[in-house]
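Tertiary structure, described
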Amino acid sequence: MTSGDAAQDAAGPVEEGHTASGPGAPPRTTTVPSEYVHRSSMAEVFLTSSRRTSETRFTLTGQWPRAHAFFNGPDGRHDPLLTAETMKQVALYLAHAELGVPLGHHFMPCDLSFTIAPDELAIGAVPSDLTIEADGADLMRKGSRLVEFGLDLTIRRSGRVLATGTVRFVCLSPGAYHRLRGATPQPLPARRPSEVTPSAFGRGLPRDVVLAASDHPGRWRLDPDPDHPVLFDIGDDHIPSMVLLEAARQATCGLLAADRTLTLTGMSTEFHSYAEFGRPCWIEAAPLLAQDSDSMSVLITGSQDGRRVFGAQVSGTVTRRED
């Protein structure tokens, strides 16, 4: 995922966000700079402040809105994939603001994994304020330059653990990135007409579906909307990692009976290469053994040109759909 065209090399001071909310609480006045989390729209920035607490530990604050254009979970709960997006933003922000990676450099995801406490996702009367603890002890440098880093993350809401997880990224200078990418990548082609039903993939709108049907059960072609305002918020030259995570969730939903719905409780993902535009990328889902009637775990594989792009294990609870 690229960081855009910003030219600054280090973050300026960021005003600390308030953790209180509701009537009489001080107003929340800021988010972190959008370019530090690789977003164009300020509405897509979920971090509000950051503070270093030791050489490798940081405390950040964040906020999830009560409603969102894409991350709109069912049954009055926040979308569990907000956890993945927030963790990704923490990693990118700390890399730029605290760990010395200049804006304009690039990141290749290695893994992103999280486990959620679903009961903590309930949407309340006000936006959800978060406290995020990040441990960046796993840093790899070449001289003074950060080349790879991993973070252990804990997200709390009202003092209770909402989610835990890990992220790992490789850092690439513009020159290294262009050497890795080789020839100019192809643009994302126009989306083909699709006959899929959004509800079969846990979505409400056709534009939010990122999969297209294939001739094989449990196999779909990756087919995101290139004009999607959230999934393609910045001008990526490859398929964004969050599109792949959403594809993994949708493929898992695609295995369910029509009267069942999935609540995501965890995902463990490894990335092997960028998913390129202009060439078919296939998403395959295979249920793992020893499933309970009210839960499921699915192995997801994404491949392109006969090579694995990413793999994920998706876990969740299954309930009867309420019409």
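The present account deals with the structure reproduced in this document. Owing to the predicted nature of the structure, the values given are computational and were not obtained by experimental measurement.

**Side note on the overall build of the chain**
- In terms of regular secondary structure, the chain is built from three helices and twelve strands.
- When burial is assessed residue by residue, the chain has 50% of its 323 residues classed as buried.
- When contacts within the chain are restricted to residue pairs at least 6 apart in sequence, long-range pairs at least 24 apart make up 68% of them.

**Some remarks on the pattern of salt bridges**
- If you walk through the whole model with that rule in mind, you get 20 salt bridges.
- Where D237 meets R181, a salt bridge forms, and the shortest distance between an N and an O atom there is 3.6 Å. Of this pair, D237 sits in the loop between β8 (219-222) and α3 (241-253) while R181 is found in helix α2 (residues 174-181), placing the two residues 56 residues apart along the sequence.
- One salt-bridge network, in which partners are shared between bridges, spans D79, R203, D208, E246 and R249.

**A look at helix α1 (residues 81-97)**
- With 17 residues, α1 ought to run about 24 Å at 1.5 Å a step, and its terminal C-alpha atoms sit 24 Å apart, in line with that.
- Counting buried residues in α1 gives 16 out of 17 residues, a clear majority hidden from the surface.

**Here we look at the nonpolar core**
- Of all hydrophobic cores here, the largest spans 79 residues; its most connected members are F149, L222 and I300.
- Broken down by element, the residue count for this core peaks at ten residues, all from α1.
- With residues up to four places along the chain from it excluded, the contact list for L222 reads V210, L211, I239, V243, L244, A247, C281 and I283.
- M108, C110, L172 and Y274 belong to the second-largest nonpolar core, a separate cluster that totals six residues.

**Section: α3**
- Taking 1.5 Å of rise per residue, the 13 residues of α3 would be expected to cover 18 Å, and the 19 Å separating its terminal C-alpha atoms lies within 8% of that figure.
- Counting buried residues in α3 gives 13 out of 13 residues, a clear majority hidden from the surface.

**Notes on the pairing of strand β6 (residues 160-172)**
- The pairing of strand β3 (residues 106-116) with β6 spans ten bridges and is classified as antiparallel. Directly across from H106, in β6, lies its bridge partner L172.
- Two elements, strand β5 (residues 145-157) and β6, share ten bridges in a ladder whose sense is antiparallel. Counted as the bridge partner of L151 is V167 from β6.
- Between the antiparallel neighbours β5 and β6 lie two residues, among them S158 with a positive phi of about 55°.

**Details of the state of the cysteines**
- Across all of its chains, the model carries zero disulfides by this definition.
- Lacking any disulfide linkage, C110 is separated from the closest cysteine sulfur, that of C171, by 9.2 Å.

**What to know about the packing of aromatic side chains**
- The full count for this structure, using the stated rule, is nine aromatic pairs.
- Centre to centre, the rings of Y177 and Y274 are 5.9 Å apart; their planes meet at 80°, and the pair counts as edge-to-face. A residue pair is termed long-range when its members are at least 10 positions apart, and Y177 in helix α2 and Y274 in the loop between β9 (260-271) and β10 (281-287) qualify at 97 residues. In terms of burial, Y177 and Y274 fall into one category: buried.
- Measuring from ring centre to ring centre gives 6.4 Å for F232 and F277, while their planes differ by 40°; the resulting arrangement is tilted. Taken together, the positions of F232 in the loop between β8 and α3 and F277 in the loop between β9 and β10 put the pair 45 residues apart, joining distant regions of the chain.
- On the basis of relative accessibility, which here comes to 13%, the residue F232 falls in the buried class.
- Grouping aromatic residues by their ring pairs yields a cluster made of F107, F149 and F169.

Definitions and cut-offs
- Residues numbered from 1 in each chain as written.
- Predicted model: local features only at pLDDT ≥ 70, side-chain atom pairs only at ≥ 80, totals over all residues.
- Heavy atoms only, no water.
- Helix = DSSP H or I, 4+ residues; strand = E, 2+ residues; numbered from the N terminus.
- Buried < 20%, exposed > 50% of the residue type's maximum accessible area, 1.4 Å probe, protein only.
- Contact = heavy atoms within 4.5 Å.
- Salt bridge = Lys/Arg side-chain N within 4 Å of Asp/Glu carboxyl O.
- Expected span 1.5 Å × (residues − 1).
- Core = buried A, V, L, I, M, F, W, Y, C linked by side-chain atoms within 4.5 Å.
- Pairing = 2+ DSSP bridges.
- Disulfide = S-S within 2.5 Å.
- Phe/Tyr/Trp six-rings, centres within 6.5 Å; stacked < 30°, edge-to-face > 60°.

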